[in-house]
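Working through the structure, step by step
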Amino acid sequence: MSKAVISSLYDSDVFRMACRQFDQAADAINLAEDIRDRTKYPRRCIAVSLPVRRDDGSVTVFEGYRVQHSLSTGPSKGGIRFHENVTLGEVAALAMWMSWKCSLVGLPYGGAKGGVIVNPRELSPTELEHLSRRYMQELIGFVGPQLDIPAPDVGTNEQIMAWMMDTYSNHMGHISPGVVTGKPISLGGSQGRREATGFGVAHLVGKYLEDMRIPIAKATVAIQGFGNVGSETALALSAMGARIIAVSDYMGGVHNAKGLNIKKAMAYVQYAGVLKDFEGGEAISNEQLLELECTVLVPAALERVITEKNAPKLRCRLLAEAANGPTTNAANKIIENRGDIELIPDVLCNSGGVIVSYFEWLQNLQSFYWGRDEVLEKLKGILDKAKESVEYQKRKFKFGRRLAALTLGIARVAEAKQKRGLFP
Ligand code: NAD
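Note that residues are indexed from 1 along each chain, following the sequence as it is written. Predicted model: local features are reported for residues with pLDDT of at least 70 only, side-chain atom pairs are reported and counted for 80 or more only, and whole-chain, interface and lining totals are derived from all residues. As a convention, hydrogens and water are excluded, and side-chain values are obtained from all of the structure's heavy atoms.

1. Quick word on the pairing of strand 4 (residues 110-117)
We call a residue buried when its accessible area falls under 20% of the maximum for its residue type, exposed when it is over 50%, and partly exposed in between, using a 1.4 Å probe and counting protein chains only. Numbered from the N terminus, helices here are DSSP runs of H or I no shorter than four residues, and strands are runs of E no shorter than two. For strand 4, the tally of buried residues reaches seven of eight residues, placing the bulk of the element in the interior. Being paired, for any two strands, means DSSP has found at least two bridges between them. Alignment of strand 2 (residues 59-68) against strand 4, held across five bridges, turns out to be antiparallel. When the bridges of strand 4 are listed, Tyr65 appears paired with Gly115. In this structure, strand 3 (residues 76-83) lies alongside strand 4, joined through six bridges in parallel fashion. The residue of strand 4 that forms the bridge with Phe82 is Val116. When the strands point away from the viewer, a crossover counts as right-handed if the path from the first strand over the helix to the second runs clockwise. Running through helix 3 (residues 88-104), the crossover from strand 3 to the neighbouring parallel element strand 4 is right-handed.

2. Brief notes about the pattern of salt bridges
Each salt bridge in this description consists of a side-chain nitrogen of Lys or Arg and a carboxyl oxygen of Asp or Glu lying within 4 Å of one another. Counted under the stated rule, the structure contains 28 salt bridges. Of the charged contacts in the structure, one is a salt bridge between Glu195 and Arg372, with a shortest N-O distance of 2.7 Å. Taken as a pair, Glu195 in helix 6 (residues 193-211) and Arg372 in helix 13 (residues 372-397) lie far apart in primary sequence, 177 residues in all. Linked by salt bridges that have partners in common, Arg81, Glu90, Lys113, Asp153 and Glu303 make up one network.

3. Overview of the environment of Asn286
Among the secondary structure elements, Asn286 is positioned in helix 9 (residues 286-290). In what follows, residue pairs with any heavy atoms lying within 4.5 Å of each other are defined as contacts. Those residues in contact with Asn286, other than ones at most four positions away along the chain, are Gln224, Ser248, Asp249, Tyr250 and Gly252. We call two N or O atoms a polar contact when they sit within 3.5 Å, provided that within protein one can donate a hydrogen and the other can accept it, with sequence-adjacent residues counted only if both atoms are side-chain atoms. A polar side-chain atom of Asn286 sits 3.2 Å from a polar atom in the side chain of Gln224.

The following block contains the structure:
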């Protein structure tokens, strides 16, 4: 039998990491050989060049991607990242993880992801609007409420989703709010979506601490990344009674063993743009933050920050992966062998975001809107069920928790592909 070799198109450390995770999970559940490659590799990718008129009259051409990993179980779903280090391989890995995540928590979606190579902080608001609209314009034939539904990720936000929705709607000739999620509430966004990912992380952290018999009031928390996910996780955990002792962003972090005032830190970042010089504590580097002694460590920024170098030095009891792919495969092995750290894997830990995006899409399709309490209660119900199924899989097969979550997600996607046939 000839073996498919996917082109070097996606080749990168992070794509290889996602493929290795897939291979391990496929081996663990004896996934049939003839279904493996088509479950593992993305269905398609779109690369676009994006000319943008700058404020000084010049034109810069940016490069963007959209990878649709799977369309077998519904439209594909996943965020759009604006970051200077975006690569096609990174977008493909993130799209794969979206497939396993949606499948694990039972959403009728395949995975996708998008990205543009740009530092959004270097663009004016007008330039950012032009770039966002141009990206959506280039994708018009490939996205839609029944085809592929983008959302915010690193470097994008509600305003960018509003511009993208408007561009798509103008093209269609009617408003089409269901084409993206994470929109402002005034344009069909869902109550609870802004805080959904962080709220979900905090909810799961609370549940796992209960299992570990650690009272939340005694828990200390360090969080890397203070954007949408990191700040909302901090806010929710501090509301639950935990002490947030460190937070950071791309410029570095702030540490206070007595606890930081998260509302003040968020207000400071709103005004200053970064945590730097926030007066609530001492300056700390991102590397130092990861190695702090704490009950809960939450990477909430980018991939591959917990490596074989720092994994032996972690001093947390619970590692809650709010970011996608924050732990390399080598580091994951070290953590498992150490045996003193519980891990909530990314595909479960940060799934609150896509779950409430799903609610937003449902509300858009029905033009019938829910209250915040209803959204968050439904979110907790889905997270609790997913946690239970992961714990059952872990116990039943004596898997690590990441393997348990991945095998559940991957098996369902593979089964859907098997039952449909070769095309989807
Ligand atoms: P964001 O752009 O709102 O925030 C990112 C944060 O990370 C910022 O504080 C930024 O300064 C910081 N950061 C960037 N580079 C860094 C570095 N090298 N070191 C330390 N900090 C750095 O993005 P976000 O939406 O909060 O996403 C964060 C993570 O969560 C990503 O991995 C994303 O894929 C994942 N995620 C996001 C959502 C969502 O709903 N937004 C859902 C699921 C998963």
